[in-house]
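# Architecture and fold: a report
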Amino acid sequence: MNNDNGHNHVLLIEDNPGDADLVRLRFVESKSAVQVNCVPRLSDALACLDVETPSLVLLDLNLPDSHGAETFRRILQKAPNVPVVILSGQDDEALATKAVHMGVQDYLVKGDITSKQLERALRYAVERQALLRTLETTRKQQLEFKNQFLSHVSHELRTPLTCIHQYVTLLLDGLAGAMAPEQTDYLKTVLKSMNQLHAMIRDLLEATRADSGKLRIEPRCINIGELIQQAVAMMRPTGAEKRVSVEAGPDQTIPLVYADPDRTLEVLINLIDNGIKFTPPEGSVVVKASMVETDPTAVYLAVSDSGRGIPPESLPQVFERLYQDPNAVDGNRTGLGLGLYIAKEIVALQGGRMWVASQPGSGSTFSFTVPLYSLPKLLLPVITHQGCLREAIVLVRVELTPLSKSLRGSWKEICQRCLDLLRQCIYVDKDLVLPAMGTSGPVETFFVVASTDMESVSIMMDRIREQLGALPKLKASGTLLVTAEAIPVAPAADPRPLEQQVWGVADYVTEIIQQGLWSKANFTEKENRENAH
Amino acid sequence: MRTESYTDGQPMNRAKIMVVDDDPDLRHALSLRLRANNYDTVNVCDGYSALAMAQKEHPHLIILDLGLPAGDGFAVLKHLQEYPALSAIPVIVLTARDPETSEKRTLESGAIAFFQKPADNEELLSVIRASLQPGWGGGLLS
């Protein structure tokens, strides 16, 4: 039982002085040079663990301030690397098993155990814990190595792939002379296979990221209906090749959601693509969005196909990595079997869940949820003060317009940096930068709700212009427009409860943003189109 | 210094693009594609040659790989910024590296766009066209 200092230091948590003395006596009997620090309460033990790390914790379960499983749960949580042995008066096999499952090294019963046995049990507990720690470190190292390896491989694969892509497209575009129709056809097959290879490399990297918690999402406030239309339009040609129709369900009014538009589109495309793959000609794939009465916090999306369905025994496995349909017979290349795994990870990162229902012979439905965008929830802490609505509230709009439409990636990056800067221009407890709105088009608009009046807000607007205007990349590639509009509030005269007043403001803001009611007439004198040129 | 220059014997009023990549096959293919779109090209294979050639040729635009012998793409970007005569040349980075780890740094180092290999030809060409328009400091007509 040696810790780093070469001392055997046991933290004994025992409220019965008699029992504590007995344990000390046992240590003396076994001639082990152990230093025992005894505390009577769990709270004392937790405080001790803050200060120093013992080589072992010996724990009674029923303490003045904690009982049973709760006692070891809190200790394990506090000191996950210290071996914990329970020394209890209760011979409770079920509790003992639970304790060991949660990471306790041993469960000893008072009175059952001799000095020699106690000494040995504690020594083995320390050994086992050290072993576990080594295993855990090795596991983490291996995981990290695997991720680095996959990342390296997918990078190296891209170089030859790029060369193939370049020369095939050169030939297809006739830049190396005219091609016979048959040659063109064959090259198109090469290109198609190359694209599949490309998608697999991408999936490999995405799955690696999901594994190591590095999958990034940038949620925005978006209209999910538009996203469905976009996904359906993108996948129709793929469906048409197989004579499978791809449709969006009946258009309903679906509230705005809070999700990463690119990632959510990726999930939808993945599910539609899967649907098409497993649906015979003349079948259909339908994408629907709906609200469920029992869950007011999320929008439910469902992608249903009329394919052959999934046998019940395979259902639990479809979201697992590398799962491939064992009955794929029609020469469909199924890919790496990472698509659904990645999709599920993305949905979970956005705070949703994904599941599948299937009737063999009549099709499958993959469903997932996307959290609803709740403006009142976001606004509440900002636009209220001591239980009242603020006296004045202003909506500031920051509009970024690119000079050229084709610099997509860089423009997105610039807008992201503007948003980061914008967050530094506000008073955190009085103002709120709303999540970015809509699928990111060329013109990016950010909104700030500020708890101030039109006169004072000009200070913030100047600051925004100064900070964002100083970005060289924005100067070179876009224009900045900052405007403000007062939101009508009258907290003193409003008879409604606070919650409803907040809802009122949220509705007003939503209306302005969503329906483009931001009319020129409402602009203030402060309006100032700043062309950075 | 190994360079490949293609001018097609055309009058020199076309935009000149320098391609920096250590893969000769890829350089060749990119050049063919660019020439087919009415650009002149100068090709170099490493970071050192890239700087020397940029000073000599003053290209209107540079397509730059990140993993290069003799000074990687970031070193090239840094040195380009240091020469007033070269700092205005728009640089498009075309690399096999992961955008997740490299895009931000690339753009912060002065590149105007980031493409991961294999890039879509049309997207790449449209960014090249946009970058060569006036108003993009260092563009063709400035």
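Residues numbered from 1 in each chain as written. Chains lettered and ligands numbered in written order. Predicted model: local features only at pLDDT ≥ 70, side-chain atom pairs only at ≥ 80, totals over all residues.

### Comments concerning the overall build of chain A
Counting secondary structure elements, chain A contains 14 helices and 19 strands. By the burial criterion, 32% of the 533 residues in chain A qualify as buried. Considering only intrachain contacts with a sequence separation of at least 6, the fraction spanning at least 24 residues in chain A is 72%. (Helix = DSSP H or I, 4+ residues; strand = E, 2+ residues; numbered from the N terminus. Buried ≥ 20, exposed ≤ 12 C-beta atoms within 10 Å, placed from the backbone. Contact = placed C-beta atoms within 7 Å.)

### Concerning the pairing of strand β11 (residues 354-359) of chain A
Here β11 of chain A pairs with strand β12 (residues 363-371) of chain A via 6 bridges, running antiparallel. Bridge pairing in β12 of chain A links Met354 of chain A to Phe368 of chain A. (Pairing = 2+ DSSP bridges.)

### A closer look at the sheet that holds β12 of chain A
Residues and elements named next belong to chain A. Strand order in the open sheet formed by 5 strands is β7-β9-β10-β12-β11, and the pairing between neighbours is mixed. Looking at strand neighbours, the two that pair on one side only are β7 (245-248) and β11, the edges of this open sheet. For this sheet the average axis-to-axis angle between neighbouring strands, irrespective of direction, equals 20°. Packing of helix α8 (residues 261-277) onto the sheet brings it into contact with β7, β9 (284-292), β10 (295-305) and β12, and relative to β9 it is tilted by some 135°. (Axes fitted to C-alpha atoms, helices over the stretch in contact; angles between N-to-C directions.)

### Considering the nonpolar core
The tendency in soluble globular proteins is for nonpolar side chains to be buried side by side. Within the largest apolar cluster, 80 residues are counted, with the highest numbers of intra-cluster contacts made by Ile224, Val257, Ile272, Val396 and Val449 of chain A. When residues of this core are assigned to domains, at least three fall in each of domain 3 (220-371) and domain 4 (375-530) of chain A. Apart from residues no more than four positions distant in its own chain, Ile224 of chain A is found in contact with Ile254, Val257, Ala289, Val299, Leu301 and Val370 of chain A. Core analysis: the next-biggest nonpolar cluster, separate from the first, contains 42 residues, Met18, Val42, Ile63 and Ala111 of chain B among them. (Core = buried A, V, L, I, M, F, W, Y, C linked by C-beta atoms within 7 Å. Domains from an automatic or database assignment.)

### A few points about the packing of helix α5 (residues 115-172) of chain A against helix α6 (residues 181-211) of chain A
Residue and element names in this part refer to chain A. Their axes nearest at 10 Å, the elements α5 and α6 cross at an angle of 160°. Relative to α6, the element α5 lies roughly antiparallel. The element α5 and its partner α6 pack so that their crossing is left-handed. Tallied by class, the residues present in the contact of α5 with α6 amount to 15 nonpolar, 7 polar and 3 charged. (Parallel < 35°, antiparallel > 145°, perpendicular 65-115°, else oblique. Left-handed = near helix turned anticlockwise from the far one by under 90°. Nonpolar A, V, L, I, M, F, W, Y, C, P; charged D, E, K, R; others polar.)

### Points about the confidence of the model for chain B
Residues and elements named next belong to chain B. Confidence along chain B averages 84 in pLDDT terms, with 85% of residues attaining 70 or more. Considering only residues more than four positions removed or in separate chains, one finds that residues 135-142, a stretch of pLDDT under 50, has 21 contacts. For this predicted complex, the interface confidence comes out at an ipTM of 0.85, alongside a pTM of 0.67. (pLDDT = per-residue confidence, 0-100.)

### Regarding helix α1 (residues 17-29) of chain A
Residue pairs three or four apart in sequence face the same way in an α-helix, which turns once every 3.6 residues. Residue and element names in this part refer to chain A. Compared with an ideal rise of 1.5 Å per residue, which puts 13 residues at 18 Å, α1 spans 18 Å between its outermost C-alpha atoms and is within 8% of the ideal. Taken together, the buried residues of α1 touch β1 (8-13), β2 (34-39), β3 (56-59) and α5. Looking one or two residues past α1, Lys31 carries a phi angle of roughly 60°, positive in sign. (Expected span 1.5 Å × (residues − 1).)

### Things to note about the interface of chain A and chain B
Chain A puts 23 residues into the contact, and the matching count from chain B is 27 residues. Every element with two or more residues in the side of chain A that touches chain B is listed here: α5, α6 and α11 (408-423) of chain A. Examining the composition of the side of chain A that touches chain B, we find that 12 residues originate from one element, α5 of chain A, more than from any other.

### Looking at the environment of Leu34 of chain B
Residue and element names in this part refer to chain B. Along the chain, the position of Leu34 falls in helix α1 (residues 24-36). A sequence separation of 91 residues divides Leu34 from Leu125, and the C-alpha atoms of the two residues are 8.2 Å apart. Ignoring any residue separated from it by four or fewer positions in sequence, one finds Leu34 in contact with Ile17, Tyr39 and Thr41.

### Some points on the sheet that holds strand β4 (residues 84-88) of chain A
Residues and elements named next belong to chain A. As summarised here, the arrangement of the 5 strands in space is β2-β1-β3-β4-β5, forming an open sheet in which the pairing is parallel. Edge positions in the sheet fall to β2 and β5 (106-109), since each has one partner strand and no second. On average, adjacent strands in this sheet sit at an angle of 25° to one another, irrespective of strand direction. Across 3 bridges, β3 lies against β4 in parallel orientation. Bridge pairing in β4 places Leu59 opposite Ile86.

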